[in-house]
Structure formats: structure tokens, C-alpha cells
Amino acid sequence: MKTEIELGSAGAVVLDLIATINENRAYLSEIDGAIGDGDHGINMSKGFSQCRDALLAQPTLPGLAESFDALAMTLLDGIGGSMGPLYGSVFMGFAETLAGHQRLDAQLFGQALAQAVADVQSVGNAQVGDKTLMDTLIPARDAYLAALSQGEDFHTALGGMVAAAEAGWQSTKALQARIGRAARLGERSIGVLDAGATSCFLLLRTLGSSLQSRLV
Amino acid sequence: MKTEIELGSAGAVVLDLIATINENRAYLSEIDGAIGDGDHGINMSKGFSQCRDALLAQPTLPGLAESFDALAMTLLDGIGGSMGPLYGSVFMGFAETLAGHQRLDAQLFGQALAQAVADVQSVGNAQVGDKTLMDTLIPARDAYLAALSQGEDFHTALGGMVAAAEAGWQSTKALQARIGRAARLGERSIGVLDAGATSCFLLLRTLGSSLQSRLV
Amino acid sequence: MNRVINDPDQVVEDMLKGLLRAHPELEATIGNPRVIKHRDAPQAGKVGIVTGGGSGHEPAFLGYVGANLVDAVAVGEIFSSPTAKSFFDAIKAADGGAGVACLYGNYAGDNMNVKMALKMAERAGIRVMTVVANDDVASAPKGDEARRRGVAGEILMWKTAAACAAQGGTLEQVIDVAQRTIAQTRSIGIGLSSCTIPAVGKANFHIEDGSMEVGIGHHGEPGISVSAITPAATMARTMVEAIVGDLPFGRGDRVAVLISGLGATPLMEQYILYGSVAELLADAGIEVVVPLVGNFFTSLEMMGVTLSVLKLDDELESAMRYPCVAIGLTVSKEPL
Amino acid sequence: MNRVINDPDQVVEDMLKGLLRAHPELEATIGNPRVIKHRDAPQAGKVGIVTGGGSGHEPAFLGYVGANLVDAVAVGEIFSSPTAKSFFDAIKAADGGAGVACLYGNYAGDNMNVKMALKMAERAGIRVMTVVANDDVASAPKGDEARRRGVAGEILMWKTAAACAAQGGTLEQVIDVAQRTIAQTRSIGIGLSSCTIPAVGKANFHIEDGSMEVGIGHHGEPGISVSAITPAATMARTMVEAIVGDLPFGRGDRVAVLISGLGATPLMEQYILYGSVAELLADAGIEVVVPLVGNFFTSLEMMGVTLSVLKLDDELESAMRYPCVAIGLTVSKEPL
Ligand SMILES: Nc1ncnc2c1ncn2[C@@H]1O[C@H](COP(=O)(O)OP(=O)(O)O)[C@@H](O)[C@H]1O
Ligand SMILES: Nc1ncnc2c1ncn2[C@@H]1O[C@H](COP(=O)(O)OP(=O)(O)O)[C@@H](O)[C@H]1O
Ligand SMILES: [Mg+2]
Ligand SMILES: [Mg+2]
Ligand SMILES: [Mg+2]
Ligand SMILES: [Mg+2]
């Protein structure tokens, strides 16, 4: 049974995340255009691309903890507005939890995920139901931790995380925004997906499958 | 034969001039609208009306010299732009020449008219043919002085002045403006009368008839 | 929309290039071109004054970097918060060992980026305290002040806090002055036309000809009401009433008044408004002892105005009069 | 056009009311509300500095009344010369017995009204000398300089002449400085949108979206050419070439550069333009030692910019740096 990931050689997980954002650049902006200002894809792709350049400029790709840290720092350095601090917090949470470890197991990933969610929430103060990326992130964390406590293995727990992320993402459609730019629209924000929840689902899905493929 | 005017009791000549301008307020602005900025009637009537108020506020109407002086000063005080100094000079020329005199005869009026034209020209620097009020004023002066030198009487010379003013005024239609706001239009300024030349003709016509009616 | 720009995506970079050429007393920090600091910052032993915010509000924010004013500023994209790293770099640039007061406006992005910057500063061992301006009465009802946005009142907070710092105030004292200033300041805006972010290319929002938006935000955030445009005297009444009742201000108060054009409203009109504002305040027994009228905090080429009123105490009044030199505000040393 | 005004025919009166409330150091003369003087004017033995012009250019003209700057100003209707009487009253208000320098711009109305004011001053026994600014290279070809209009370069002339007067210069010396300043100044404007005189209610002229008018005047007077809008760097090149070739300016010259927004063009864009201008001048070996960027001389809410360049000598440079305090320009005394 595969239970662990070699952190030192898993930096490419971050490259996968970057690729996901860049592939969905237009899609994310389009979703943001409906009830936001239409720049979510641009904002995200700006920061993620900067990180890609930075990582590829290294002689060898850093490990996963270092790559998460690089992503967090480029986001905090490269994009202002809200996305820098929010996603910066997410990936800094991962980076800090993984730092110093050789291997990532189900337990440690649970800690990292919990840390990431706690950090982003302390910065953004959004709750489930506010129609933000937290509607993806919080159920994903809860599902993952629940799976662990039910004795599921790493692979299965990741699958549970992604499924919950998707459900949470879809739940934003029916929600009225209470935070962020779309909150201004009141009831008019109901009926479409939230942009941040979308990018968050795409990232978690890629994270899940990319980690699963590296299990040894 | 009537050869003179009692200056002390002729202040009402200036009231006639004021009435002329106020009656033609809309007409003058309309003409200015064609190749200028459409405010000539407003500008003129503003200054002339102020003078009317000032004159009528006096216990008795001042004499003609003082009334001309009041008109000049109100124009210089009440309207900026070009009309204040130009017409201010005209009436100051009259006022200064008449000052200290009891009676106005043909000779003295000739001096006053010449002085007025010289003063306004020194301020405005316009020549015959520039499509300004000088196209009315200069021929009017010349005709008046020519009549005098040909031995005509005051009444007749005034008639000659008005006729020449009218011809000069009409001549502006065919002219291309070389000075003032309309000069910008180049050839497009040809074909319509000049606003200042119009007000100047109306003023000289009223001046002529008003003086003629006061000859004793 | 006819603009004096090169690449619409590079307007901030191009502006900074020109700004730095024109003002040798200002410089970008080494390693972060989006942080502008005063040549003399940090000053050993002096509390550093930092602010930051989106661009498009010039002379805010960078125009208030100056002698006895702000030490370093984080510069964001147009109408978008600077990055956390930029806030942190500004904090570093302003730190002379006595701590840094980070005085900024209450916007989601700024709040989050400052929060992250504080984490970085903590890691770097720099003591930072913050005050977040929330002077805009129109952005949330009374009782819900924490949700209100910061607008032109921020300038007053920078001015008083910086004067305190320049005179040797401790971090706690500087923060207290900033806190008191913003707590005693109320602002409101009226928008008369929209503005266009060059990179976006179309109007940010819309205001009908003949309409005005009372309570508009600095980025076109919706106000309290959209109504038919009124004479300036009535606008003044609307604004003064909203402000005076909120704190409240009352008979005998001495105040600083700051009227700022939002960009395209001529100075002539700002003075017309000021005339009515001053009259209304005088009628209410409130004395304007520090009047400021001009384009202090703009929103690109929006038409409209904001009014800010600060209730002074002796310390704040002398802080407002303390000499300073910056692009946006110079208080000259007397006598000349 | 949404404005902050009351009666469109009273905008100048209403502005003056607000201005005088906001600036206790300024006052209207007794008997003529259209003349604004500095509280301390006239100063016995000091040459008086007077200017004047139409309104709508704020902070010009009245914003330059101040300590070590203009003593008194004649205020006209929007875009219309003040009356002869107002120029005369300003001269009287500025006369401290050492004569008065009347420094104004080359417009038909101003020329005539000043001429009449001089007659009145002569009668009143006040010695007045005049300098008429003609810095706008676009308004008439080289060789025909006497026909050129005065634009933002007037500010530079007021600044240097006033510094000379403040330092005890005689009328002849003050006039010489003003004359030299304007003779060594060249300006040009680019217009990007029209403006609306409130009392008229419709645009003064028209500029297509996507077009710019090179050489536009301060009231929308037609320029040299209307062309498709270019990047700021190209605008800078057009303006610098027109100016530098005219005087001409050359390698080794030290200059003051004044960029003024025409009203609605954001400060951000003015700095973008300045960056290119400074670079082009540097390439030509011309050093900018006094840079000024801001809304110094506007045309209501026109979009666009003007560029003025003054070739300095030692005396003019130190005059530009001489401390002064006014709404439009404050040069602080160093050190603070
Ligand atoms: N306080 C917050 N906490 C979590 N997510 C937030 C918060 N505020 C905004 N968001 C997310 O940000 C997304 C918009 O991001 P983006 O378009 O990049 O930024 P902006 O709104 O500044 O243009 C929203 O869809 C929402 O999911
Ligand atoms: N230099 C000048 N000398 C004589 N008349 C002039 C001169 N300049 C302009 N005018 C006259 O002024 C008239 C326009 O007056 P008005 O409309 O009141 O002023 P403005 O052109 O400032 O709006 C023109 O029709 C012309 O006759
Ligand atoms: Mg967005
Ligand atoms: Mg955005
Ligand atoms: Mg006219
Ligand atoms: Mg006119």
C-alpha cells in the first residue's frame, strides 16, 4: 500500500498547480466577470506564472515544501488585492507545516491542510456560505480529516477532499455573496458560481491527483 | 440756424445710446453668434445698463460730458474682455474733449470724434478692413470731418457721419476678419456682418439723431 | 477616453519613473520598485510612518511621502491593494529602530496585505502598530463604524501622526494621535461622473448626466443615494449634515476641513463648495481653523468632491500646523 | 456636464467667497470684489507684483497671490479679461511706492484692459511697467513672437519677478527679471478633450475621442495640428522638439520644467509625461534643475497638458528656489 510521498522530489506538484491556473485563466476571468470585475484569471495567472519562472530558473527543482514556500512568497510579492494574501496564506500554511520533513504522509497532509485553512481564514475572515473560496476549502478540509478519522488511506482521503471541494464549489451557485466585490450586488449575486471558489476547486483537484500519482 | 447744443442739459443723449443697446441686445448677440461667441449683445447691455442705473440714481441727470464720462467709466469698470476698453475709450475720448465746455458746436464735436477714434485705435490697433467696429467708426469720422471742411453745418455733418457709418458697417459683410475672435475662421468669416461694427453703427445713428434733435 | 499614457498596463511603472525623476528627495527601495521612500528615511530613533494603497488616487498615497510626513509608501496597481511584500518592504524602509506606524485605509485587500506584512515584520523583528482609517460615513451606518471605508481623512491622520513622530513621539504616542485623528474625522463624497482605468478601457461605473451619487467611494463604490444634481449649496448641506450628525460635531468645536476634488472637478468648484460648507459650519457654531481645498485624494478623472471634517484638540491642531513638505501637502515654516 | 455650482452666472463670485473664507491671508480690495490682494500688500518700498486674467484657470491667477509671490490680482469672468478698472485697482492695491510690475498674458482683451489701466495709473501717479507673456510657441511662428499667447510660463515669470521684488529689487530690476524669464521660456499644450463654461452649458469646442490637438490654447484656441492620439512618450517628443528648437535650448543648459494638467488629466499621467520629457531633455544635454508637475494652470475640466521650459541663469535659478507661499505654489524654506 502506498502511504507516503517523497517531499524532496515532489516540487513538480506546484508546477501542476501553476499549469492548472494558467490553463483556466480565461475561464476564471469569465466567471469573475459575471458578478465581479472579471480579472480573477488575470490576477491568479500573474502570480502563478511568476512562480513558474522562479522555480524553473533554479538549477534543480526544489522540494515540495520549498516550492510551496516559493509559491506563497511570489503570490505575496506579485499580486496585491485579495488573492495575494489569501492564496499566499494557503500555500504558506502548507509550506510551514511541511518544512523540515522528508516525507508527506496522510497525517502530515491533514495538518498542512488544516493549517492552510486556518491561516487563510485568519486573513480573510470569510465563513462557509459567504460565497468565497472558503466554500470550497472548508468542506474539503473537513472531508479529508473525516476520512482520516474513519481510517481511510491517504489516496482515498485525497479523493474525498476533491469530491467535497467540488460539492462546495457548486454550492456557491445558490449563495448570495456576503463578502468581496460581489457582495455589493446583493440578491443579484445568486445564480452563478463564485470565481475564487472555482479556482480553489481546480487547485485542490490538481493537488489531489498530483499527490496521488506520487504516492509510494 | 441751429449750431450748438447745451451740454449741461444734454445728458439724455447717453440715455438714448443705452436704450439703443438694450433694444438691440438679442440682435447683437445673434450677429456675434455667426462668427463669434454670441455674447456681444450681452456684454454691451451689461455695461450700458449699469451706466443707466448709475445715471438715474443721480438727483439730476449730469451734463453730456459727465454722462459720457460715466458711461466710459462703467464700461471700463463693468465689462472686461475687449468691449470695456474699446467702447470705454470711445466715450472717454468724447468726455475728455467736451470736459469744461458749456456748448457743443460742430467744431468741438469733430475734435471729440477724432479723439475718440484715436483713443480706441491706440487701444485696439485695428485698421479699416480688419472687420471690426473700426470699419464703422473711421469712415464715420472721416465723413464728418470732410463735411465740416466743406463748410457743411453741424446737422448736415452729423447726417454725413451716420450715412458713412452705415456704409462702413455694411462693408464688413464682405470682409475677412483679421482681428478678434472671428479671425480664427479665416475665409469662413466672410459673408456676415461684424457684431462690433453693428453696435457701433447703431450707437452712431442714435448719437447723430439725438444730437440733431438737441440743436439750438 | 484620451489619455497621456504609454502602455496601459504600465501606467504605474511609468508614473513612478517620472515621479522619481522629478523628486530627488524620493527614491524606490532597493529590490522593490513599488515602495517609495523619503531619501532621509529611516531616521534613527524616529517612529516610521508608512502607508500604502492602490494607485489612481494621486497625489495619494505617494505624494504624502515627505519631510515630517510619510516615510515610505507601498504602491499598488490602479485601485488595487499593494502586495503584502510591498507593505512589508515599506515598513522595513521606514524603521529607524523606534517602530513603525502603518496607517492605511479600510479596504479588504489592504487589510489582508497589511496583515500578511505584519507577519513578515514580526519575523524580521520590527515593531509595527496599525491604524486603519474608516472616516467615510456613507459606507456603513453608525454603530457599524468598523465596516466603514477610509477616504481623504487618511491624509489628516498621516499629517498629525507624522508631526508627532517628527517631534520625537513614541510609537504608542504616534498611534494614539493617528487613532484619535481618524476617530474624530468624518468624510463623505459626492460623485458626478465615472472614471476609466486605462487597462480596462471602459468606464468603471456610470452616473447619468444630471445625477449625483451621494456617498460614493473612492473607486466608485455605490453611495447612499443617487439623485438629481443639486446646487452646490445643497450638496454642502447634504454633506455637512451627514458628517456633523455622525460624530457628532457641535457648537464650540474647532475643526480642520479638507475638501478634495475627485480628479476632474475644477478647483473653482471646490472653492464654491467650501464657501457653503464653511458657512454651514459657522451657523452650527463650528469654527474652521485649518481649511484645505484642492485635489488631495483623487479617483483618476472622476468628477466630484469629498468633504472631511476633523474635530481638533490642541495637540491635533498644532500637529496640523506643523511644517512639512510633500507633493500633496506643504505647510511652510513661518516666517518665510 | 455635472458641476458643483450654484448659479452658473455667479461662479466667479461664489468661488471668491469660498476662497476668501479658506484663506485669511487673502482679501478683496475695498470697493472692488474682483481684485484679490495679499493681506500684507502693499509693502512700503517693495515693488508690487500684479497680474490678472480670466477665471477658469485656477489655481491661476489668484492662486499665485501669496508671500513672496503676486501681491494683487485682477479677476475676470470665465475665460474673459478682467476689466480695466480691476487691473487698475490691483495696481493700486500692490503699490508700495516703489512702482508696480504688471505681468500678464498676451490676449487681446488683457492687452486692452491693461492699457486702459495704465492710463488710470498714470493719472493716479503710480509708476507701472508691464511684461506681457508670450511663451506659447504654437500660437504664432518664430519671428512673430509678439503675436504669441501667454500660457503657463506666466507662473515662472511671476515667481522670478516676485523673488526679485521680495529681495529689494527696483522696478527696473524686477521688470528685467520678468522679461528675461519670459524671453527664455517656451511652452506648448496638447488638448485631449474640451471644457464647458457653466454659463454657456455646451462644450467650448470639440476634440474627437482618439484625437489630440497639438498646440491648443488655454481656452481651446486651435493648435498647430489635430492628429491621432499618440503614446505619452511621443507626445513628449512632439512637445520637447517644438520647444527646444524654438529658443533654442542646447547642451549644457540648466532649465526649469513646468508640466501642468489642463484640469481633468490625472496627476499620474502628468508624471508619465514628465518622465519622457526629462529623458528627452537629458538626451539633449539639458539638465532639469527645477521640475514642477501638477495642475498649475488649468482650463476648467479640459483634458490635456502643457509643457513649459525656462532656460535658467544663476539669478533666475535662485529666484525659482526662493521661498514663497501661495495656493498654487509653495517653496518651503530649508531646513524645515
Ligand atoms: N475575505 C475573503 N475570503 C476568502 N475569499 C475571498 C475573500 N474576499 C474575496 N474572496 C474571493 O476572491 C474572489 C475574487 O478574486 P479576484 O477577482 O482575483 O479579486 P478582486 O475581487 O479583487 O478582483 C472571489 O470570487 C472570492 O472567492
Ligand atoms: N482690436 C479690436 N479693435 C476694434 N474692435 C475689435 C477689436 N477686437 C474685437 N473687436 C470687435 O469686438 C467685437 C466682438 O465683441 P464681443 O463679442 O463683445 O467680444 P468677444 O469677442 O470677447 O466675445 C467684434 O465684432 C469686433 O468688432
Ligand atoms: Mg476580480
Ligand atoms: Mg480586481
Ligand atoms: Mg463675442
Ligand atoms: Mg465673449
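Residues numbered from 1 in each chain as written. Chains lettered and ligands numbered in written order. Predicted model: local features only at pLDDT ≥ 70, side-chain atom pairs only at ≥ 80, totals over all residues. Heavy atoms only, no water.

Asks: What is the right way to look at the overall build of chain A in this model?
Replies: Looking only at helices and strands, one finds 9 helices and 2 strands in chain A. Put simply, chain A runs from its N terminus to its C terminus through helices and strands in the order β-α-α-α-α-α-β-α-α-α-α. Against the compact-globule benchmark of 17 Å for 216 residues, chain A has a radius of gyration of 16 Å, which places it among compact chains. Reported as C-alpha extents along the three principal axes, the dimensions of chain A are approximately 50 × 40 × 25 Å. Long-range pairs, those at least 24 residues apart, make up 71% of the contacts in chain A with a sequence separation of at least 6. Summing over all exposed atoms, chain A offers an accessible surface of approximately 8600 Å²; the carbon and sulfur share of this is 49%. When the 14 positive and 23 negative side-chain charges of chain A are each reduced to one mean point, those points stand 6 Å apart. (Helix = DSSP H or I, 4+ residues; strand = E, 2+ residues; numbered from the N terminus. Rg over C-alpha atoms; globule rule 2.2 N^0.38 Å. Contact = heavy atoms within 4.5 Å. Areas by Shrake-Rupley, 256 points an atom, 1.4 Å probe, with all protein chains shown as cover. Lys, Arg positive; Asp, Glu negative; His and termini not counted. Charge placed at Lys NZ, Arg CZ, Asp CG, Glu CD.)

Asks: It is not clear to me how the nonpolar core should be interpreted in this structure. Could you clarify?
Replies: Note on soluble globular proteins: their nonpolar side chains tend to be buried together. If you look at the biggest cluster of nonpolar residues, it comprises 203 residues, and the most contacted ones within it are Leu103(C), Trp158(C), Leu103(D), Trp158(D) and Val257(D). The contact partners of Trp158(D), leaving out residues within four places of it in the chain, are Thr51(D), Phe61(D), Tyr64(D), Leu69(D), Val70(D), Leu103(D) and Phe297(D). (Core = buried A, V, L, I, M, F, W, Y, C linked by side-chain atoms within 4.5 Å. Buried < 20%, exposed > 50% of the residue type's maximum accessible area, 1.4 Å probe, protein only.)

Asks: Whenever I open this one, the sheet that holds strand E12 (residues 287–294) of chain C confuses me. Can you help?
Replies: Either a parallel or an antiparallel arrangement is found when strands of a sheet pair, and the pairing is made through backbone hydrogen bonds. All names here are of chain C. The mixed open sheet is built from 6 strands, whose spatial order is E10-E9-E8-E13-E11-E12. The open sheet has two edge strands, strand E10 (225–228) and E12, and neither has a second partner. For this sheet, the mean angle separating the axes of adjacent strands, direction not counted, is 20°. Where strand E9 (residues 211–214) lies against E10, 4 bridges are found, and the strand directions are antiparallel. Of the residues in E10, the one forming a bridge with Glu213 is Val226. With respect to the sheet, helix H6 (residues 232–244) is in contact with strand E8 (185–191), E9 and strand E13 (304–311), its orientation differing from that of E8 by roughly 150°. (Pairing = 2+ DSSP bridges. Axes fitted to C-alpha atoms, helices over the stretch in contact; angles between N-to-C directions.)

Asks: Just to check I follow, could you spell out the site of ligand 1 for this structure?
Replies: In the region of ligand 1, 18 residues are neighbours, and Asp37(A), Asp39(A), His40(A), Met83(A) and Asp194(A) sit closest. Chains contributing residues near ligand 1 are chains A and C. One of the side-chain N or O atoms of His40(A) is found 2.8 Å from an oxygen atom in ligand 1. For ligand 1, an oxygen atom lies 2.9 Å from a polar atom in the side chain of Asn43(A). Burial of ligand 1 by the protein amounts to 92% of the accessible area it has alone, namely 570 Å². Only helix H3 (40–57), helix H5 (83–98) and helix H9 (195–213) of chain A provide two or more residues apiece to the shell around ligand 1. (Near = heavy atom within 4 Å. Polar contact = N/O pair within 3.5 Å; in protein donor to acceptor, adjacent residues only side chain to side chain.)

Asks: Explain the interface of chain C and chain D to me, please; I cannot follow it from the model alone.
Replies: Often, the extent of an interface is quoted as the loss of accessible area upon association of its parts. If you look at the interface, chain C gives 66 residues, while chain D gives 66 residues. In this assembly, chain C packs against chain D so that about 5000 Å² is buried in total across both faces, 65% of it on carbon and sulfur atoms. Of all residues in chain C, the largest losses of buried area upon contact with chain D belong to Asn2(C), Val4(C) and Met268(C), amounting jointly to 17% of the total for that side. Applying the counting rule to chain C against chain D returns 21 residue pairs in polar contact (both at pLDDT 80 or more). Going through the elements one at a time, helix H1 (11–22), H6, helix H7 (267–283) and E12 of chain C are the ones with two or more residues in the side of chain C that touches chain D. Ranked by the residues each element gives to the side of chain C that touches chain D, the list is headed by H7(C), at 11 residues. (Buried area = accessible area lost by both parts, 1.4 Å probe.)

Asks: Help me understand the coordination of the magnesium ion (ligand 3) in this model?
Replies: Ideal geometry at a metal gives 109.5 degrees between four tetrahedral donors and either 90 or 180 degrees between six octahedral ones. Residue and element names in this part refer to chain A. For the magnesium ion (ligand 3), the full set of protein donor atoms is Asp32 (OD), Asp37 (OD) and Asp39 (OD), at a range of 2.0 to 2.2 Å. In primary sequence terms, the donor set of the magnesium ion (ligand 3) follows D-x4-D-x1-D. For the pair the magnesium ion (ligand 3) and the magnesium ion (ligand 4), the metal-to-metal distance amounts to 3.5 Å, and Asp37 bridges them. By relative accessible area, which is 12% here, Asp32 ends up buried. (Donors = N, O, S within 2.8 Å, 3.2 Å for Na, K, Ca; no water.)

Asks: What is the right way to read the relation of the copies chain C and chain D from this model?
Replies: Both copies of the chain are related by a screw-like operation: a rotation about an axis and a shift along it. Of the transformation placing chain C onto chain D, the axial shift is 0.0 Å and the rotation is 180°, giving an RMSD of 0.0 Å. This pairing of chains is accounted for by a two-fold axis. Of the C-alpha atoms belonging to chain C, the one lying closest to the rotation axis is found on Ala264(C), 2.0 Å away. When the interface residues of chain C are mapped onto chain D, 100% of them again lie at the interface, so the same face is used by both copies. (Least-squares fit on C-alpha atoms with pLDDT ≥ 70 in both.)

Asks: Sorry, what's going on with the pattern of salt bridges here?
Replies: Pairing between side chains of opposite charge can happen when the charged atoms of each approach one another. Going through the model one piece at a time under the given rule, you end up with 63 salt bridges over all chains. Ionic pairing is found between Glu287(C) and Arg254(C), a salt bridge with its closest N-O pair at 3.5 Å. Here Arg254(C) lies in strand E11 (residues 254–261) and Glu287(C) lies in strand E12, a separation of 33 residues in the sequence. Residue classification places Arg254(C) among the partly exposed positions, given a relative accessible area of 34%. Through salt bridges that share partners, Asp77(B), Lys85(D), Asp89(D) and Lys92(D) make up one connected network. (Salt bridge = Lys/Arg side-chain N within 4 Å of Asp/Glu carboxyl O.)

Asks: Sorry if this is basic, but what is going on with the environment of Thr130(D) here?
Replies: Residue and element names in this part refer to chain D. Looking at where Thr130 falls in the secondary structure, it is placed in strand E7 (residues 128–133). Note on Thr130: relative accessible area 30%, which makes it partly exposed. For the pair Thr130 and Ala319, spaced 189 residues apart in sequence, the C-alpha to C-alpha distance is 19 Å. Residue contacts for Thr130: discarding those within four places in its chain leaves Cys102, Tyr104, Val114, Leu118 and Ile175.

Asks: Explanation requested: the site of ligand 2 in the structure shown.
Replies: The environment of ligand 2 is made up of 18 residues, and the closest members are Asp37(B), Asp39(B), His40(B), Met83(B) and Asp194(B). Neighbouring residues of ligand 2 are distributed over chains B and D. One nitrogen or oxygen atom from the side chain of Asp32(B) is found 2.9 Å from an oxygen atom belonging to ligand 2. In this structure, Leu133(B) approaches ligand 2 through a main-chain N or O atom, which is 3.2 Å from an oxygen atom.

Asks: What exactly am I supposed to notice about the coordination of the magnesium ion (ligand 6) here?
Replies: Around the magnesium ion (ligand 6), the protein contributes the donor atoms Asp37(B) (OD) and Asp39(B) (OD), which lie 2.0 to 2.2 Å from the metal centre. Given a relative accessible area of 38%, Asp37(B) falls into the partly exposed group.

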